[in-house]
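Here's the letter readout for the chains.
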Amino acid sequence: MEGLLFPIIMLTVTLVGGGLLLLFLKTAKKRPVSDETAIAIQTAQQFINVRDVKDKYLYTKDGLVLVYLRVHAISIDLYSKAEKNNLIKQITAELSDIQYPFKFMAVSRPVDISPLISDMQGMLKTADDKRKELLRQEILQMSSFALSGEIVERQFYISVWDRYEDGVEKDLLKRASLLAEKFTTNGVGCDILTEKEIMRLLNLVNNPSYTHLEDTDFEASIPALKEDIYA
């Protein structure tokens with residue numbers, strides 16, 4: 001009898017201890033998440049305030065709709081001083097009647113020089129010995145520039161926006177089209193970005209390790225939400 005008493009006591013203590021532990025876990029309050037933890041688990045999409053990108057529009061979490069335009073760069077190195085002044089006056093006059101806010105951005109991106117290198121490699125087949133040596137040296141130099149990322153180009157963008165409401169996209173697109181026309185009528189190319197181009201711009205601005213690739217699958221890096229965003 002005394003041999004069975006000790007196991008019974010141990011079993012009773014174990015059951016009582018397990019019951020108290022389960023009761024404590026059930027009634028214990030969940031510890032609040034600290035600010036540092038909340039920042040650490042914040043997603044990239046939340047950080048850049050993007051809720052959805054669809055067609056030519058970017059929807060933000062704070063209820064705005066944006067349209068982006070790309071202003072093509074022009075070379076004014078061969079312009080005379082008078083021609084430069086005339087271009088400045090014309091564009092200033094065109095933009096002077098704008099009564100709504102817009103944002104101008106200038107960003108740099110690596111230049112894709114692979115087509116140029118391919119052309120020079122094709123020229124090697126028909127070049128003589130002296131030209132082949134020059135072409136080989138040029139290809140090596142261009143390849144080193146491409147690998148180092150030293151060759152960059154400036155790209156210029158304009159964004160216009162409005163508060164989201166039914167039908168605002170149509171009015172916003174009309175406003176952006178008229179703004180683009182003000183540049184094109186003065187010989188400066190300007191077009192409205194599509195969904196894929198907006199994704200590339202977001203990568204270019206927010207991702208410092210982004211490398212310019214024309215065929216990049218943008219859905220792999222920035223997901224586009226499909227549900228009704230303002231339901």
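Above this text is the structure in question.
Here we summarise the structure given alongside this text. All of these numbers come straight from a predicted model, not from anything done at the bench. (Residues numbered from 1 in each chain as written. Predicted model: local features only at pLDDT ≥ 70, side-chain atom pairs only at ≥ 80, totals over all residues. Heavy atoms only, no water.)

1. So, the overall build of the protein
Here is step 1: Along the protein, the regular secondary structure elements total eight helices and six strands.
Here is step 2: Of all 231 residues assigned to the protein, the portion counted as buried reaches 26%.
Here is step 3: Contacts in the protein between residues at least 24 apart in sequence constitute 70% of all its contacts with a sequence separation of at least 6. (Helix = DSSP H or I, 4+ residues; strand = E, 2+ residues; numbered from the N terminus. Buried < 20%, exposed > 50% of the residue type's maximum accessible area, 1.4 Å probe, protein only. Contact = heavy atoms within 4.5 Å.)

2. Let's talk about helix α7 (residues 168-184)
Think of an α-helix as turning once every 3.6 residues; residues three or four places apart then point the same way.
Here is step 1: For α7, with 17 residues, the first-to-last C-alpha span of 25 Å sits near the 24 Å given by 1.5 Å per residue.
Here is step 2: Those residues of α7 that fall on the buried side of the exposure criterion are V168, E169, L172, A176, L179, A180, K182 and F183. Buried residues in α7, looked at end-on, bunch into an arc of 150°, giving them a common side. Exposed positions of α7 whose direction lies more than 90 degrees from the buried face are K170 and K174. (Expected span 1.5 Å × (residues − 1). Arc of directions from axis to C-beta.)

3. Description of the pattern of salt bridges
Oppositely charged side chains may form a pair once their charged atoms are brought near each other.
Here is step 1: All chains considered together, the criterion is met by three salt bridges.
Here is step 2: With a shortest N-O distance of 3.1 Å, D97 and K182 are connected by a salt bridge. With D97 in the loop between α4 (81-95) and β4 (103-110) and K182 in helix α7, the pair connects residues that are 85 residues apart, well separated along the chain.
Here is step 3: Of the residues examined, D97 reaches a relative accessible area of 47% and is grouped as partly exposed.
Here is step 4: Residue R175 pairs with D162 through a salt bridge whose shortest N-O separation is 3.3 Å. With R175 in helix α7 and D162 in strand β5 (residues 152-163), this residue pair connects regions lying 13 residues apart in the sequence. (Salt bridge = Lys/Arg side-chain N within 4 Å of Asp/Glu carboxyl O.)

4. Let's talk about the pairing of strand β1 (residues 50-54)
Here is step 1: Pairing geometry for β1 and strand β2 (residues 57-60), over four bridges, is antiparallel. The residue of β2 that forms the bridge with K54 is Y57.
Here is step 2: The turn linking β1 back onto β2 is made up of two residues, and D55 within it adopts a positive phi angle of 60°. (Pairing = 2+ DSSP bridges.)

5. A few points about the nonpolar core
Here is step 1: Membership of the largest hydrophobic core comes to 20 residues, with the highest contact counts inside it found for V67, L69, L179 and F183.
Here is step 2: At the level of secondary structure, the elements contributing two or more residues to this core comprise β2, β3 (64-71), α4, β5, α7 and β6 (190-192).
Here is step 3: The dominant element in this core, judged by the number of residues it contributes, is α7, at six residues.
Here is step 4: Ignoring anything within four residues of it in the chain, the contact list for V67 reads K56, Y57, I158, S159, V160, L172, A176 and I192.
Here is step 5: In terms of nonpolar packing, the next biggest core, distinct from the first, is built from 15 residues, V50, L64, I198 and M199 among them. (Core = buried A, V, L, I, M, F, W, Y, C linked by side-chain atoms within 4.5 Å.)

6. What to know about unusual backbone geometry
Here is step 1: The phi torsion at D55 lies on the positive side, around 60°, for a residue other than glycine.
Here is step 2: Here D55 shows up in the loop between β1 and β2.
Here is step 3: In this structure D55 comes out as partly exposed when scored by relative accessible area, which is 45%.

7. Regarding the packing of aromatic side chains
Geometrically, a pair of aromatic rings is defined through the distance of the ring centres and the angle of the planes.
Here is step 1: Summed over all chains, the structure comprises two aromatic pairs.
Here is step 2: Ring centres 6.1 Å apart and planes at 70° place the aromatic pair Y59 and Y164 in the edge-to-face group. You can see Y59 sitting in strand β2 and its partner Y164 sitting in the loop between β5 and α7, a full 105 residues away along the chain.
Here is step 3: The exposure class assigned to Y59 is buried, which follows from its relative accessible area of 8%. (Phe/Tyr/Trp six-rings, centres within 6.5 Å; stacked < 30°, edge-to-face > 60°.)

8. Thoughts on the side chain of E169
Here is step 1: Checked against the element boundaries, E169 lands in helix α7.
Here is step 2: An unpaired buried charge is present at E169: no salt bridge exists, and K54, the closest side chain of opposite charge, is 8.2 Å distant.
Here is step 3: The residues touching E169, leaving out its near neighbours within four places in the chain, are Y57, Y59, V65 and Y164. (Lys, Arg positive; Asp, Glu negative; His and termini not counted.)

9. A word on the pairing of β3
Here is step 1: Counting buried residues in β3 gives seven out of eight residues, a clear majority hidden from the surface.
Here is step 2: As paired strands, β2 and β3 are joined by two bridges and run antiparallel to one another. When the sheet's bridge partners are listed, L58 is paired in β3 with L66.
Here is step 3: Hairpin remark: β2 followed by β3, antiparallel, with three residues in the connecting loop; positive phi at G63, about 90°.
Here is step 4: With three bridges joining them, β3 and β6 adopt antiparallel strand pairing. By the bridge assignment, R70 is partnered in β6 with D191.

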